[in-house]
Amino acid sequence: MKRKIKKAAVIGAGMMGSGIAAHLANVGITVYLLDIVPTQLLPDEEKKGLTLDHLSVRNRLAANAKQALLKTKPSPLYSVDDADLIQVGNMEDDLNRLSEVDWIIEVVVENLAVKKKVLETIETYRKPGTIVSSNTSGISINEMVADRSDEFKKHFLGTHFFNPPRYMKLLEVIPAETTDPEIVNFMVDFGENVLGKGIVLAKDTPNFIANRIGTYGLMVTIHEMEKMGLRADAVDVITGPLMGRPKSASFRTLDLVGIDTFVHVVNNVRDHLKDEEERRFFTIPTYIHEMVNKGWIGDKNKQGFYKKVETEKGKEIYVLDTKTMEYVPKVKFKSALVEMAKQAKTLKDKLRILLYGKDEASQFAWNTLKRVLLYSANKLGEIADDIVNIDQAMKWGFNWELGPFEIWDAIGIEKSVKRMKEEGEVIPSFVTKLLESGKSHFYEEVETKRLYFSTNGTFKNISENPKKISLADLKEQKKVIKANAGASLIDLGDDVALLEFHSPNNAIAIDIITMINQSVEEVSRNYRGLVIGNEARNFSVGANLMMILMEAQDENWEELDIMVRMFQEANMKLKYLDKPVVVAPFGMTLGGGTEVVFAADYVQAAAETYMGLVEVGVGVIPAGGGTKELLLRNLEGIPDGVSMDVQPLVNRAFETIAMAKVSTSAKDAKTLGYLRKQDGISVNRDTQIYDAKQAVLALDQLGYQPPKPKKIRVVGETGFNTLRLGIYSYKASGMISEHDQKIAEKLAYILAGGNIPANSYVTEQYLLDLEREAFLSLVGEPKTQARMQHMLTTGKPLRN
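Procedures and definitions
Residues numbered from 1 in each chain as written. Predicted model: local features only at pLDDT ≥ 70, side-chain atom pairs only at ≥ 80, totals over all residues. Heavy atoms only, no water. Patch = residues over 30% accessible without salt bridge, like charges linked within 9 Å, V, L, I, M, F, W, Y side chains within 5 Å. Areas by Shrake-Rupley, 256 points an atom, 1.4 Å probe, with all protein chains shown as cover. Salt bridge = Lys/Arg side-chain N within 4 Å of Asp/Glu carboxyl O. Helix = DSSP H or I, 4+ residues; strand = E, 2+ residues; numbered from the N terminus. Buried < 20%, exposed > 50% of the residue type's maximum accessible area, 1.4 Å probe, protein only. Core = buried A, V, L, I, M, F, W, Y, C linked by side-chain atoms within 4.5 Å. Contact = heavy atoms within 4.5 Å. Pairing = 2+ DSSP bridges. Axes fitted to C-alpha atoms, helices over the stretch in contact; angles between N-to-C directions. Parallel < 35°, antiparallel > 145°, perpendicular 65-115°, else oblique. Nonpolar A, V, L, I, M, F, W, Y, C, P; charged D, E, K, R; others polar. Left-handed = near helix turned anticlockwise from the far one by under 90°. Polar contact = N/O pair within 3.5 Å; in protein donor to acceptor, adjacent residues only side chain to side chain. Phe/Tyr/Trp six-rings, centres within 6.5 Å; stacked < 30°, edge-to-face > 60°. Lys NZ or Arg CZ within 6 Å of the ring centre and 35° of its normal.

Student: Mind showing me how you'd approach a nonpolar patch on the surface here?
Tutor: Where nonpolar side chains cluster on the molecular surface, the patch consists of Met546, Met550 and Leu792 and spans about 270 Å² of accessible area. Mapped onto the fold, Met550 is located in helix H24 (residues 545–553). Accessibility expressed as a relative area gives 46% for Met550, which makes it partly exposed.

See below:
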């Protein structure tokens, strides 16, 4: 019988334990969240006359952790309803519940003795065959389980989530020497396909893969900063996006993570290392200990390497001078090579400019990266069996754009090794073996296969999820059917096509609209259906705002009218195409991006989809069919022939658009009405396009028939006046500006169907015409143009 995980127990309700419980609930798993029984009453418990025996006191730690999940931002939960799957308890009264579950995860304090004691208790209550794992970030898995029975050992392994569990892709799976390989394979499959994680197999060594290399890299950065006499602000200019790292770079990242946490992780590595030279390298500088002692541990205490300071200019960010231990104003770091690297289009070019230059920034970048590359190669075989696991761990756990061995390929192995040798470095035998074999890259592509250089000196296939479809690979295989600057139509196989947006930020303009029209024609003639999706950072940020503003400032009203009309017509063609259309949104899916989603027969959304009609923020209303479609979605639950007051449903649509509500997840998008209840959700983004393709095929096999246009019942003039009254009260109370009022009244007019009798029936085109008229009217307003300009300049909305 195939193993399934329907119920789980999380032991330890701290931030990490409750976060793991939340993510299990996100994917529909019932979770018992247990923690120790408190030994002292809190003042408010004493006031209520409670005793230590009261259930609310005994369950306090887990109950408080569950409540905190509902308040934490960003939310650990996809939906507040998911919290209902988390049942709280304690480690005395509720241990019998462990016999009900399929997986028990230990997430207690990072102390070997405590963990061993907890595992002993778990063994007493678990049923045979239950998987048990530890979320330790670095304590030995083998030592933890040494005293347990053989049956327990077979089912025990490490499962190291990264914080926060909902958002971080990496899950390190660490088998013990005694773990049954079937259990390892099951957890890899479960982690990838149910939890949506990127799985790496790590060896049972201090801090496993990502934290081992990541902390080493940060220690290298700290040592090099001291050696070169630089400050954190200068270092962060060099070690951020220019090197394929997050914007938070090095020291801003430490402030975010917590300097105390960093010290703990580094000390854990140091305490468990045997090589004395390596142990010395993981020695925390005195000034960092001083920072921790003073409570300067980062964002948690509002100061770390950086601090916001009130000055005559307002709030400014100061940086810590580690020599004087005083905060000083940031100084713009000047480097010609940094400026050149910023202009380069690809990371490969940025790295080569930065690393092979001659100025201070270049020297710093080279000195730090060189050490990380050599360390990664030296640890291969010790912390992981292959370079793929190391590279993926760093990409998924530390958000690097390229892993160490991918970076080495990008900067040129031969060139970099030559320089390293000249500088007296000892080159790891693995790297030497590659070069001696006549190869110059760790990764190769042969036909449709991706290969990596293995420790035995041969190239092996990279094992990937069979459900992963790579659009980049399909393009390499010449599967593009049609293309222009903004979009491409790609053959997914099985007579399914995919429309990919690839304009800057996937902003929608004429090129994408043109490709929608061409795709509709092509799919109608030659394919079973259409998927709309892409592999960018976000599905689409909406319409091309810069182009709209420029046309408005030039008073090209006819051009704007044509463009809006074309977008409306393109979405209507998608909606009524005679073949199934499935849209696969993810990340930011805003404005026009949401309107494209509305045109689908079915949506296969990524779990992390942030949808919203946000046009009011730039002074206009949704005019690509978004206003009309959200109204329809609110009305579509009414059975035919049933007479009921639809004003509350119209009010709901109005509020959603007027307040520019954006979903915090795909589940939340269903709550807001952007998605339908029957729409699908892919927890793993890597399989989303595959899932969408399967949805197209399923619709086709069921004998797909396109929807038939229906007339829409509107609330008319009476409903419009009801909405206007609410708008007026908001304006009178000072909650909205005069321009907000104007936008809101235009929106209300469309949703009400204009000044016509209540319960009139109108066509979709009638509402689209109202959308377009309102958009063109508002885009000519100076205050709307000011909002657009402000958004383009600052990335933030202007309230005027």
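Moving on, there is more to tell.
Student: What am I meant to see in the nonpolar core here?
Tutor: In globular proteins that are soluble, nonpolar side chains generally tend to be buried together. Grouped together as the largest cluster of nonpolar side chains are 110 residues, with contacts concentrated most on Ile122, Phe251, Phe305, Ile387, Phe405, Trp408 and Phe442. Ranked by residues supplied to this core, first place goes to helix H17 (residues 360–379) with ten residues. Sequence-distant contacts of Ile122, that is, excluding residues within four places in its chain, are made with Ile11, Leu98, Ile104, Val132 and Phe152. Within the second largest apolar cluster, 83 residues are counted, among which are Ile548, Phe567, Ala653 and Leu675.

Student: How do you make sense of the pairing of strand S7 (residues 170–175) when you look at a structure like this?
Tutor: Consecutive side chains of a regular strand alternate in pointing toward one face of the sheet and then the other. Extensive coverage of S7 is indicated by the burial of five of its six residues. The pairing of strand S6 (residues 156–161) with S7 spans five bridges and is antiparallel. Bridge pairing links His160 to Glu172 in S7. The pairing of S7 with strand S8 (residues 198–201) spans four bridges and is parallel.

Student: In this structure, what is going on with the pattern of salt bridges? I would like to understand it.
Tutor: Should their charged atoms come close, side chains of opposite charge can pair. Counting across every chain of the model gives 50 salt bridges. Across the salt bridge formed by Arg166 and Glu608, the nearest N and O atoms sit 2.8 Å from each other. Residue Arg166 is located in the loop between S6 and S7, and its partner Glu608 is located in the loop between strand S21 (602–606) and strand S22 (609–612); the two are separated by 442 residues in the primary sequence. Pair check on accessibility: Arg166 and Glu608 agree, each one buried. Among the charged side chains, a salt-bridge network with shared partners connects Lys370, Arg371, Arg419, Glu423 and Glu425.

Student: Can you help me understand the sheet that holds strand S4 (residues 103–106) in this one?
Tutor: Neighbouring strands of a sheet are bound in pairs by backbone hydrogen bonds; such pairs are parallel or else antiparallel. On the basis of which strands lie adjacent, the open sheet formed by eight strands has the order S3-S2-S1-S4-S5-S6-S7-S8 and mixed pairing. Two strands in the sheet have a free side with no partner beyond their single neighbour: strand S3 (86–90) and S8. Pairs of neighbouring strands in the sheet enclose a mean axial angle of 25°, with direction left out of account. As paired elements, S4 and strand S5 (residues 131–134) share four bridges and run parallel to each other. Note that in S5 the partner of Trp103 across the bridge is Ile131. Contacting strand S2 (30–35) and S3, helix H4 (residues 60–71) runs over the sheet at an angle of about 155° to S3. Contacts from helix H8 (residues 181–193) reach S4, S5, S6, S7 and S8 within the one sheet, and its direction differs from that of S8 by about 155°.

Student: Help me out: how do you make sense of the packing of helix H9 (residues 210–228) against helix H18 (residues 387–398) in this one?
Tutor: Each pair of packed helices can be described by the angle between their axes along with the distance between the axes. The N-to-C vectors of H9 and H18 enclose an angle of 70°; their axes lie 9 Å apart at closest approach. When the axes of H9 and H18 are compared, the pair comes out roughly perpendicular. Contacts between H9 and H18 involve Ala210, Asn211, Ile213 and Gly214 on the former and, on the latter, Ile390, Ala393, Met394 and Phe398. The residue makeup of the contact of H9 with H18, split by class, is six nonpolar, two polar and no charged.

Student: How should the sheet that holds strand S10 (residues 314–321) be read in this particular structure?
Tutor: Pairing in this open sheet of three strands is antiparallel, and the strands run S9-S10-S11 from one edge to the other. The open sheet has two edge strands, strand S9 (306–311) and strand S11 (326–329), and neither has a second partner. Averaged over all adjacent pairs, the angle separating strand axes in this sheet is 50°, with direction ignored. With six bridges connecting them, S9 and S10 associate as antiparallel partners. Following the sheet pairing, Lys307 is matched in S10 by Tyr318.

Student: Looking at this structure, how should I read the packing of helix H27 (residues 626–635) against helix H28 (residues 647–658)?
Tutor: In the contact formed by H27 and H28, the axes pass within 9 Å of each other and the chain directions differ by 140°. Between H27 and H28, the angle is such that the two are oblique. Considering how the two elements wind past one another, H27 and H28 form a crossing that is right-handed. Contacts between H27 and H28 pair Thr627, Leu630, Leu631, Asn634 and Leu635 from the former with Leu649, Val650, Arg652, Ala653, Thr656 and Ile657 from the latter. Residue composition of the contact of H27 with H28, grouped by class: seven nonpolar, three polar and one charged.

Student: Would you take a moment to explain the environment of Asn90 for this structure?
Tutor: Along the chain, Asn90 turns up in strand S3. Judged by its relative accessible area of 0%, Asn90 is buried. In the structure, Asn90 is positioned 56 residues away from Leu34 in sequence and 4.6 Å away in space, judged by C-alpha atoms. For Asn90, the side chain forms a polar contact with the side chain of Asn59, separated by 2.9 Å. A distance of 2.8 Å separates a polar side-chain atom of Asn90 from the backbone nitrogen of Glu92.

Student: Please explain unusual backbone geometry as it appears in this structure.
Tutor: Of all residues except glycine, most have a negative phi; of all peptide bonds, most are trans. In this chain, Lys73 is followed by Pro74 through a cis amide linkage whose omega measures -10°. Assignment of secondary structure puts Pro74 in the loop between H4 and S3. For the peptide bond that leads from Asn163 to Pro164, omega is 0°, which places it in the cis range. With respect to the helices and strands, Pro164 occurs in the loop between S6 and S7. Unlike most non-glycine residues, Asn207 shows phi in positive territory, near 65°. Topologically, Asn207 is positioned in the loop between S8 and H9. Given the relative accessible area of 1%, Asn207 is considered buried. Positive phi values are uncommon outside glycine, yet Asn506 reaches one of about 55°. In this structure Asn506 comes out as buried when scored by relative accessible area, which is 2%.

Student: Got a minute to help me understand the packing of aromatic side chains in this structure?
Tutor: Each aromatic ring pair is summarised here by two numbers: the centre-to-centre distance and the angle between the ring planes. In this structure the tally under the stated criterion is 20 aromatic pairs. Arranged with centres 5.6 Å apart and planes meeting at 5°, the rings of Phe430 and Phe442 form a pair that is stacked. You can see Phe430 sitting in helix H21 (residues 429–436) and its partner Phe442 sitting in the loop between H21 and strand S12 (443–446), a full twelve residues away along the chain. There is no split in this pair, since Phe430 and Phe442 are both buried. Feature note: the residues Phe405, Trp408, Phe430, Phe442, Phe453 and Phe459 constitute an aromatic cluster, connected by ring pairs. Across the ring face of Trp400, the terminal group of Arg245 is positioned such that the distance to the ring centre comes to 3.9 Å. In this structure, Arg419 packs its charged tip against the face of Trp366, placed 4.0 Å from the ring centre.

By themselves, these observations are geometric and do not establish any function.
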